[in-house]
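Below, each chain spelled out in residue letters.
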Amino acid sequence: MSRLIILGAGGHGRVVADAAEEAAGWDAHQFLDDRSPGLSSSGAWQVIGRIRDLELHLDEQAQYVVAIGHAGTRIRLVDVLETHAMTIASVIHPRAAISRYAVIGRGAVVFAGACVNVGAKLGRAVIVNTGATVDHDCELGDAVHVCPGAHLAGDVKVGEGTWIGIGASVRQGIAIGAHVMVAAGAAVVSDIPPGTTVLGVPARAKGH
C-alpha cells in the first residue's frame, strides 16, 4: 500500500477521500489544493501543498487522483501526471457494484450505491457519482460525469467531458456527443450532438 494524493480538497475531494478510506487501499490520504497554505486541512485529511506546485509533490511511491469537478481541468491534470509517469489511481467505494467485465479507466471514481454493469467502459477521470447507474455495454469518454441518481440504460455512448445531471435518465442505445450538458431530471430519448445543452422531459436543446 502507499499514500494517495488527491488533487482538489473541496466537497468532491472529500467524497473521494472518504471512498478511498473505505476502500482501504492506501496507508494515508492527503490533499493538494491551491488554497494552501491558508487551507491546512479538509475534513479529516491534511492539505500538504498547492496543485500549482504539483512538481514539488511528485513521488514515485505515491498514487494520485484528480478530484476536481471541472472536466477540462480534471483531464488536463491527469495528462500532467501521465507525462511525469506518476501512478494514477481509480477510487471505487466498496459499496459500489462493479462488474468484473467492466473496464474502469485511470483516475475514475465510483461512489457508494453506484452500479457499473457488464461490458461498460469508462474512460480516464470519469465520475460515476452516488447512486448512479451505468448499464451494460455503455461507453463513457474521458472526464464524463454521471451525477448522483442519474441512470444510463444499456449501450449508451457518451462523449468526452459530458455532464449527465442529477436524476437524469438516458434511454438505451442513445449517443451523446462530447461536452454536452444534460440538465437535472432530463429524460434523453434521442441522440444529442456535441456541445449541446438539453433539458426537460423529453430532453430538448436549450432554447427550443
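Residues numbered from 1 in each chain as written. Predicted model: local features only at pLDDT ≥ 70, side-chain atom pairs only at ≥ 80, totals over all residues. Heavy atoms only, no water.

(A) View of the overall build of the protein. Along the protein, the regular secondary structure elements total two helices and 25 strands. Taking 2.2 N^0.38 as the reference for a compact globule, 208 residues should give roughly 17 Å; the C-alpha atoms of the protein span a radius of gyration of 17 Å, in line with that estimate. Taken over the C-alpha atoms alone, the protein extends approximately 45 × 35 × 30 Å along its principal axes. Every one of the 208 residues in the protein was classed for burial, and the buried ones make up 48%. Put simply, of all contacts in the protein between residues at least 6 apart along the chain, 26% involve residues at least 24 apart. Entry remark: accessible area of the protein is about 9,200 Å², with carbon and sulfur atoms responsible for 51%. Charged side chains of the protein number 16 positive and 19 negative; the gap between the two group centres comes to 6 Å. (Helix = DSSP H or I, 4+ residues; strand = E, 2+ residues; numbered from the N terminus. Rg over C-alpha atoms; globule rule 2.2 N^0.38 Å. Buried < 20%, exposed > 50% of the residue type's maximum accessible area, 1.4 Å probe, protein only. Contact = heavy atoms within 4.5 Å. Areas by Shrake-Rupley, 256 points an atom, 1.4 Å probe, with all protein chains shown as cover. Lys, Arg positive; Asp, Glu negative; His and termini not counted. Charge placed at Lys NZ, Arg CZ, Asp CG, Glu CD.)

(B) Spatial organisation of unusual backbone geometry. With an omega of 10°, the peptide bond between S36 and P37 qualifies as cis. Backbone torsion omega between V201 and P202 reads -5°, so that peptide bond is classified as cis. Tracing the backbone shows P202 in the loop between strand 24 (197-199) and strand 25 (204-205). You will see that A125, though not glycine, has its phi angle at about 60°, which is positive. Along the chain, the position of A125 falls in the loop between strand 12 (121-122) and strand 13 (127-128). Although it is not a glycine, A143 sits at a positive phi angle of roughly 65°. Here A143 is to be found in the loop between strand 15 (139-140) and strand 16 (145-146). Look at A143 and you get buried, because its relative accessible area is 2%.

(C) Expanded view of the nonpolar core. Core analysis: the largest hydrophobic core is formed by 32 residues, its most contacted members being L140, L152, I176 and V182. For L140, the residues in contact, after removing those within four places along its chain, are K121, L122, G123, V126, V134, V146, L152 and V158. Within the second largest apolar cluster, 19 residues are counted, among which are I6, L39, W45 and F111. (Core = buried A, V, L, I, M, F, W, Y, C linked by side-chain atoms within 4.5 Å.)

(D) Looking closely at the sheet that holds strand 4 (residues 45-49). The mixed open sheet is built from six strands, whose spatial order is 3-4-2-1-5-6. A strand with exactly one partner marks an edge of an open sheet, and here the two such strands are strand 3 (41-42) and strand 6 (87-88). With two bridges joining them, strand 3 and strand 4 adopt antiparallel strand pairing. Each residue of the ladder has a partner; that of S41, found in strand 4, is Q46. Helix 1 (residues 11-23) contacts strand 1 (2-7), strand 2 (26-32), strand 3, strand 4 and strand 5 (63-66) of the sheet and is inclined by roughly 175° relative to strand 2. Contacting strand 1, strand 5 and strand 6, helix 2 (residues 71-83) crosses the sheet at an angle of about 160° to strand 5. (Pairing = 2+ DSSP bridges. Axes fitted to C-alpha atoms, helices over the stretch in contact; angles between N-to-C directions.)

(E) Examining the sheet that holds strand 14 (residues 133-134) more closely. Spatial strand order, 8-11-14-17-20-23: six strands in an open sheet with parallel pairing. Two strands in the sheet have a free side with no partner beyond their single neighbour: strand 8 (97-98) and strand 23 (187-188). Note that strand 14 and strand 17 (residues 151-152) share two bridges and pair parallel. Bridge pairing in strand 17 places T133 opposite H151.

(F) Spotlight on the pairing of strand 1. Burial analysis of strand 1 places five of its six residues in the buried class, the great majority of the element. Alignment of strand 1 against strand 2, held across six bridges, turns out to be parallel. Counterpart to S2 in the pairing with strand 2 is W26. Between strand 1 and its parallel partner strand 2, the chain crosses via helix 1, and the hand of that crossover is right-handed. (Right-handed = clockwise from strand over helix to strand, strands pointing away.)

(G) Broad picture of helix 1. Here helix 1 spans 18 Å end to end across 13 residues, near enough to the 18 Å set by a 1.5 Å rise per residue. What helix 1 keeps buried is the set H12, G13, V16, A17, A19 and A20. Angular distribution of buried residues about the axis of helix 1 spans 165°; they occupy a single face of the element. Among the residues trailing helix 1, A24 stands out with phi positive, at a value near 60°. (Expected span 1.5 Å × (residues − 1). Arc of directions from axis to C-beta.)

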